[in-house]
Amino acid sequence: MLLEAIARHARETPERMAYQNRAQTLTYGELWHSACALAFRLRAGAGPVLVCGEKEAGMPVCFLACLMAGRPWLPVDPQQPVERLLKIRRQAGSADVLCCGSHPAVAALKAVQAEPLFGGHELLEPERFAKERERDAYWMFTSGSTGAPKGVRIPLSALESFVEWMLSLPAVAACGAGVNVNQARFSFDLSVADLWPTFAAGGTVRALEPEEQGDLPALYKALGRSGARRLVCTPSFARLCLCDAAFCRDLLPDLETVFFCGETLAPRTVKTLEKRFPGLRILNAYGPTEATCAVSAAEVQGREGTLPVGWVDGAASRLIIMNEQGEPQPDGEPGEIVICGHSVGSGYIGGETGGFGSFDGEKAYRTGDEGVIRDGLLWHLGRRDRQIKYKGYRIEPGEVEAAILAWDEARAAAVLPLRAGCEVRGLVAAVEWGKEPLAPEECSARLRRVLPEYMLPRRWCAVERMPVNERGKCDYAALERMMEHE
């Protein structure tokens, strides 16, 4: 289905732009021809293909070639420490390593430059594709709880199911064939929501390079020239864009939809976007790497208070809230979010079980996320493994963070345990304020309206900017270090 759609665009509209970055362009004809040539070569080997690069035009060519050849691609970021890249390669057992662009990591990985392999072979017709839908399409590494990177295997059936689901969302379908701005690095699974739905619909991906994202004037210049109709990003990236009034409808006159995923979306961010971009459709989505990027989404423009992360009906897979005994909970009762169905991956590299299993005869993944279903909507309450026990009570920091993020004044918030040795003495809240910081007394008074006393932070800290990790999410370890020096 996915390969057939891209082949059709290459055949019927070969000059249409498929992908571009700051300096490179790639039409559908060029994408298809280059991928076919590389696929012929990749067919001689077996196993995953490690693909190292940033936003070079060769990256989607490599991914597509792997898909044609029936070998999973494994994207890695060349800016990561070389030791970590080598550890990933060893875990994956990758015999083939391709690199796009010039990066210091190339020599250590013994990578082959991909671009010279993009020519010299006939086209592959759809009937010659590797067709097994349960074969792995890609592998994606995430941080593991043990401190070692952990690889997730995603089959082609799950990828195609995700693409079909995403293009069924009205806010995405309305602009599917337009320009989609890609913010996430390809080693982060949010990029899956950029490339494949856009390619399936015949649209254009405008990839933002790291240099553009690190310089606000350069970023605004790139966005202004993109002609973007859809933006897929983390809330942290949106906050960066919104720090200057120049990020508004005048800069992006054609922007119709923003698709958020990866971390908690603050109502204040939504309100600011609504003011800057009248008529904008804003999707708040949810899903882990283990379930193909995202499984649910809801339009949240015009909503007040904390925000849902998706409609249960119409989700890409079945969503269930379970208690600690593995029993489904009724609506309104919190518990662990469990995903069942086509979105669930094939497991971890190396056979670690983790949260993978089955339920009612379907593949299932226990996410470790706390959530609740109310009125047909899924609400995310934070990570279970960040759970804090204080005075005998179990506290989910995500619930406190969500309450703080419901305030107009708060741009970002993180709640951590306040410790004395190994003992939890309360909570500390770090807040990135959009206006003048509120007094701690005012903060506590507001929270008392929605939370019990034991969930109120004893200490409040203002941070100029919330630290984020390589995936654009809050870096809690870095934040704890910052707190120690205050």
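As shown above, the structure is provided for reference.
The rules behind each value
Residues numbered from 1 in each chain as written. Predicted model: local features only at pLDDT ≥ 70, side-chain atom pairs only at ≥ 80, totals over all residues. Heavy atoms only, no water. Helix = DSSP H or I, 4+ residues; strand = E, 2+ residues; numbered from the N terminus. Rg over C-alpha atoms; globule rule 2.2 N^0.38 Å. Buried < 20%, exposed > 50% of the residue type's maximum accessible area, 1.4 Å probe, protein only. Contact = heavy atoms within 4.5 Å. Areas by Shrake-Rupley, 256 points an atom, 1.4 Å probe, with all protein chains shown as cover. Lys, Arg positive; Asp, Glu negative; His and termini not counted. Charge placed at Lys NZ, Arg CZ, Asp CG, Glu CD. Phe/Tyr/Trp six-rings, centres within 6.5 Å; stacked < 30°, edge-to-face > 60°. Lys NZ or Arg CZ within 6 Å of the ring centre and 35° of its normal. Pairing = 2+ DSSP bridges. Right-handed = clockwise from strand over helix to strand, strands pointing away.

(A) View of the overall build of the chain. Across its full length, the chain carries 15 helices and 26 strands. A compact globule built from 486 residues should have a C-alpha radius of gyration of about 23 Å, and the chain, at 22 Å, falls within 12% of that. Its C-alpha atoms put the chain at 70 × 50 × 45 Å along the principal axes. By the burial criterion, 59% of the 486 residues in the chain qualify as buried. Put simply, 66% of the contacts in the chain that link residues at least 6 apart link residues at least 24 apart. Of the roughly 19600 Å² of accessible surface on the chain, 49% is carried by carbon and sulfur atoms. The distance from the centre of the 56 positive side-chain charges to the centre of the 63 negative ones in the chain is 2 Å.

(B) A look at the packing of aromatic side chains. The full count for this structure, using the stated rule, is 13 aromatic pairs. Seen from their ring centres, Tyr-28 and Phe-199 are 6.1 Å apart, and the 75 degrees between their planes marks the pair as edge-to-face. Of the two residues, Tyr-28 sits in helix α2 (residues 28-42) while Phe-199 sits in helix α8 (residues 192-201), which places them 171 residues apart along the sequence. Geometrically, the ring pair formed by Trp-407 and Trp-460 is stacked, given 6.2 Å between the ring centres and 25 degrees between the ring planes. Remark: Trp-460 occurs in strand β26 (residues 459-462) and Trp-407 occurs in the loop between α13 (397-405) and β24 (410-420); sequence separation between them is 53 residues. According to the relative accessible area criterion, Trp-460 is buried, its value standing at 17%. Here the aromatic residues Tyr-28, Phe-63, Trp-73, Tyr-138, Phe-186, Trp-196 and Phe-199 are joined through ring pairs into a cluster of three or more. A cation over an aromatic ring shows up here: Lys-55 above the ring of Phe-186, its NZ or CZ 5.9 Å from the ring centre. Positioned above the aromatic ring of Tyr-476 is the side chain of Arg-386, whose terminal nitrogen or guanidinium carbon lies 3.9 Å from the ring centre.

(C) Spatial organisation of the pairing of strand β12 (residues 257-260). Burial of the side chains of β12 extends over both faces: Thr-257 and Phe-259 are buried on one face and Val-258 and Phe-260 on the other. Alignment of strand β11 (residues 228-233) against β12, held across four bridges, turns out to be parallel. Bridging across to β12, Val-232 finds its partner in Phe-259. At this point the chain moves from β11, through helix α11 (residues 235-242), to the parallel β12, and the crossover so formed is right-handed. Strand direction decides the pairing type here: β12 and strand β13 (residues 281-286), joined by four bridges, are parallel. Across the sheet, the residue bridging to Thr-257 is Arg-281, located in β13. For the crossover that starts at β12, traverses helix α12 (residues 267-276) and ends in the parallel β13, the hand is right-handed.

(D) Examining the side chain of Arg-446 more closely. Summarising the element assignment, Arg-446 is placed in helix α14 (residues 440-448). The residues touching Arg-446, leaving out its near neighbours within four places in the chain, are Trp-407, Glu-409 and Leu-438.

(E) Molecular detail of unusual backbone geometry. Here Thr-292, not a glycine, exhibits a phi torsion of approximately 60 degrees, which is positive. Relative accessible area serves as the criterion here: at 1%, Thr-292 is assigned to the buried category. Positive phi is not limited to glycine here, since Asp-360 has a value of about 55 degrees. Considering the arrangement of structural elements, one finds Asp-360 in the loop between β19 (356-359) and β20 (362-374).

Purely geometric stuff here, so don't read any function into it on its own.
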